[in-house]
Amino acid sequence: MWNNPENARGLLQKQSGLEKSLTELRNLETEYTNLQELYSMAPDDSDVISAIEKLADQAHKAKFITLFREPADNNGAFLFIQAGAGGTEAQDWAQMLSRMYARWAERHGFTCDIIEEHEGDTAGIKNITYRITGERAYGWLKNEIGVHRLVRISPFNANGKRQTSFASVDVWPDIDDSIQIEINDKDLRIDTYRSSGAGGQHVNKTDSAVRITHLPTNTVVTCQNERSQIQNKEMAMKMLRSKLYELELQKRAEAENALLATQKKIEWGSQIRNYVLYPYQLVKDVRTGVEKTDSEAVLDGDLDDFMIASLQSNER
């Protein structure tokens, strides 16, 4: 299905990633030298102090560059959020997660585009697919794969009862031409249908949305937010190639008895992270034990500490 990433192109891609990392580190070193000189001349200058604080944050994140080792870690990503059972509660939670990841992407200067979205019956969303474009977006986001659990006082329950909701997150890399995926046309079933939800003048008027099923693996991708059926098909094929690449990585990891992040049933006991908003405020990652009491900041996209801890735990 795909060419070994250790072939010539795979090696070139790794080399390119290492060169980018080296350039980043050298730029940080240059910035440090420049700020050192400025601080010696104007130690009380607020702009200099602000620049130093920003550099310190960049240097902290740069410590983890070496943890991005897989061929696709430097790529962008597709992120899929699916509401669990529970109707409106779960669909509202899925929408909260969609905002959280959009804000995280914004914090990193990434571009976040909606590829497919299905609104909830009353509120929230049933599912959404983002395409997140930016350096190492996949390397960061692959640590978010799994079930996310929310505990809160329900805004949809007149009795004000505590409610537990679940939603799942899946992530696969936005691969480029340096990773070749071979797909036979006979293995595909392509369906078109009418788009639904917000999305422009073509929505609900033409059968422009595209669903592609890869029959051998039963992998399904859909796209409806591009301007034409042709564009939707092109994006869907790109997503399919990326998902098949991720499936192959999972098979290889499983064969090597490595830790494999797989989607579990979206229910109690399978979550990777708990978000508790009542009776206290706490977000805790089940895998690493990392906790944050500022749940509002987390839901506003402050996720790096969780992702870094997960990256480090995978190295052990």
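Residues numbered from 1 in each chain as written. Predicted model: local features only at pLDDT ≥ 70, side-chain atom pairs only at ≥ 80, totals over all residues. Heavy atoms only, no water.

Participant: Explanation requested: the overall build of the chain in the structure shown.
Facilitator: A tally of regular secondary structure across the chain gives 7 helices and 11 strands. Contacts spanning at least 24 positions in sequence make up 65% of the contacts within the chain whose residues lie at least 6 apart. Carbon and sulfur atoms make up 47% of the accessible area of the chain, which amounts to about 16600 Å² in all. (Helix = DSSP H or I, 4+ residues; strand = E, 2+ residues; numbered from the N terminus. Contact = heavy atoms within 4.5 Å. Areas by Shrake-Rupley, 256 points an atom, 1.4 Å probe, with all protein chains shown as cover.)

Participant: Please explain the confidence of the model for the chain as it appears in this structure.
Facilitator: A low pLDDT score tells you not to read the predicted coordinates there in detail. Here the chain averages 84 in pLDDT, and 84% of its residues register 70 or above. Overall, residues 2-7 carries pLDDT values under 50, and its contacts beyond four positions in sequence, including any with other chains, amount to 16 contacts. (pLDDT = per-residue confidence, 0-100.)

Participant: For this particular structure, what's the right way to read the sheet that holds strand β7 (residues 209-214)?
Facilitator: Strand pairing in a sheet relies on backbone hydrogen bonds, with the paired strands running either antiparallel or parallel. Judged by pairing direction, the sheet is antiparallel, and its 3 strands sit side by side in the order β6-β7-β8 without closing on themselves. Across the chains shown, the open sheet's two edge strands, defined by having one partner strand only, are β6 (188-193) and β8 (219-223). Taking each pair of neighbouring strands and ignoring which way they run, the sheet shows an average axis angle of 15°. Relative to β7, β6 runs antiparallel, the two sharing 6 bridges. Bridging from a neighbouring strand, Tyr-193 pairs with Ala-209 of β7. (Pairing = 2+ DSSP bridges. Axes fitted to C-alpha atoms, helices over the stretch in contact; angles between N-to-C directions.)

Participant: Hey, could you run me through the sheet that holds strand β2 (residues 111-119) in this one?
Facilitator: Here 8 strands make up an open sheet; going across it, the order is β2-β3-β1-β5-β4-β9-β10-β11 and the pairing mixed. Of all the strands in the sheet, the pair left with one neighbour each is β2 and β11 (291-292).

Participant: Hey, could you run me through a nonpolar patch on the surface in this one?
Facilitator: Among the surface-exposed residues, Tyr-39, Ile-49 and Ile-52 lie close enough to one another that they form a single nonpolar patch of about 240 Å² accessible area. The topology assignment puts Tyr-39 in helix α1 (residues 8-41). When its relative accessible area of 40% is taken as the criterion, Tyr-39 is described as partly exposed. (Patch = residues over 30% accessible without salt bridge, like charges linked within 9 Å, V, L, I, M, F, W, Y side chains within 5 Å. Salt bridge = Lys/Arg side-chain N within 4 Å of Asp/Glu carboxyl O. Buried < 20%, exposed > 50% of the residue type's maximum accessible area, 1.4 Å probe, protein only.)

Participant: When you look at helix α2 (residues 46-62) in this model, what are you seeing that I'm missing?
Facilitator: Because an α-helix completes one turn every 3.6 residues, residues spaced three or four positions apart along the sequence face the same direction. Its 17 residues give α2 an end-to-end C-alpha distance of 24 Å, which sits within 8% of 24 Å, the value for a rise of 1.5 Å per residue. All of the buried residues along α2 are Val-48, Leu-55 and Ala-62. With its buried residues spanning 40° around the axis, α2 presents them on a single face. Away from its buried face by more than 90 degrees, α2 exposes Ser-46, Glu-53 and Lys-54. With a side-chain oxygen positioned 2.8 Å from the backbone nitrogen of Asp-47, the residue opening α2 is Asp-45. (Expected span 1.5 Å × (residues − 1). Arc of directions from axis to C-beta. Polar contact = N/O pair within 3.5 Å; in protein donor to acceptor, adjacent residues only side chain to side chain.)

Participant: What exactly am I supposed to notice about the pairing of β7 here?
Facilitator: When a strand is regular, its side chains alternate between the sheet's two faces. Most of β7 is tucked away, with 5 of its 6 residues classed as buried. Where β7 meets β8, 5 bridges bridge the pair, whose relative direction is antiparallel. Note that in β8 the partner of Val-210 across the bridge is Cys-223. Remark: 4 residues form the turn of the hairpin made by β7 and β8, two consecutive strands paired antiparallel; Asn-218 in that turn has positive phi of roughly 55°.

Participant: Honestly, the nonpolar core in this entry has me stumped. Any pointers?
Facilitator: Considering soluble globular proteins, one finds that nonpolar side chains tend to be buried as a cluster. Ranked by internal contacts, the top residues of the largest apolar core, which has 58 residues, are Leu-79, Tyr-101, Leu-141 and Tyr-275. For Leu-141, the residues in contact, after removing those within four places along its chain, are Ala-77, Leu-79, Tyr-101, Trp-104, Ile-132, Val-171 and Met-307. Residues Leu-28, Leu-55, Ala-62 and Ile-65 belong to the second largest nonpolar core, which totals 5 residues. (Core = buried A, V, L, I, M, F, W, Y, C linked by side-chain atoms within 4.5 Å.)

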